[in-house]
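Residue-level structural notes
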Amino acid sequence: MVMSLTTPKSAPQRTCIACGARRDKRALIRVEMGPDGVLSIGGSTRQQGRGAYLCPSRACWEKGLKGARLEHSLRTHMTDDNRAALLQYTSTLQESESHGKNNAEQE
Ligand SMILES: [Zn+2]
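Residues numbered from 1 in each chain as written. Predicted model: local features only at pLDDT ≥ 70, side-chain atom pairs only at ≥ 80, totals over all residues. Heavy atoms only, no water.

**As for the coordination of the zinc ion**
Test applied: Here a donor is an N, O or S atom found within 2.8 Å of the metal, or within 3.2 Å if the metal is Na, K or Ca; sites may look incomplete because water is not among the atoms. Tetrahedral means four donors with every angle between 85 and 135 degrees, whereas square planar (four donors) and octahedral (six donors) require angles over 155 degrees between opposite donors and between 65 and 115 for all others; sites fitting neither are termed irregular. Strands here mean DSSP runs of E at least two residues long; helices mean DSSP runs of H or I at least four residues long; both are numbered from the N terminus.
Cys 16 (SG), Cys 19 (SG), Cys 55 (SG) and Cys 60 (SG) make up the full set of protein donors to the zinc ion, lying at 2.3 Å. Each of the 4 donor atoms around the zinc ion contributes to a set of angles spanning 104 to 116 degrees, which defines the coordination as tetrahedral. As a motif over one chain, the donors of the zinc ion read C-x2-C-x35-C-x4-C. Taken together, the residues Cys 16 in the loop between strand 1 (13–15) and strand 2 (22–24) and Cys 60 in helix 1 (residues 58–66) connect sequence positions 44 residues apart.

**Some remarks on unusual backbone geometry**
Its identity is not glycine, yet Arg 75 carries a phi of approximately 50 degrees, on the positive side. Summarising the element assignment, Arg 75 is placed in the loop between helix 2 (69–74) and helix 3 (80–91).

**Here we look at the pairing of strand 3 (residues 29–33)**
Short version of the rule: Exposed residues in this analysis have more than 50% of their type's maximum accessible area, buried residues have under 20%, and partly exposed residues fall in between, with area computed by a 1.4 Å probe over protein chains only. At least two DSSP bridges between two strands are needed for those strands to be called paired.
Most of strand 3 sits inside the fold, with 5 of its 5 residues counted as buried. Neither face of strand 3 is left uncovered, since the one carrying Ile 29, Val 31 and Met 33 and the one carrying Arg 30 and Glu 32 both have all their residues buried. Alignment of strand 3 against strand 5 (residues 50–54), held across 5 bridges, turns out to be antiparallel. Across the sheet, residue Val 31 finds its bridge partner in strand 5, namely Ala 52.

Given below as structure tokens:
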């Protein structure tokens, strides 16, 4: 008997607002705009404010920040402070996502 195709409990899936990839919620970084206008990034999921999810890669963040995608998803207008915080966070991310292991096969 092989029953490995489906896992007993399916992890909640979320969509990256930049690239549209559907992934395990825990694999994405949550951005949340609190009611007080304070942006929280990657914080605990309180499920209160409006949240958006992004892949942990700089490419997605830059894409998300460039247009109005993030503002649209959060249904808010970014202040300069918000944007600066997001840009700062973006700079800490890797250019593109590593998938856990370093790929030693390539040169
Ligand atoms: Zn993405």
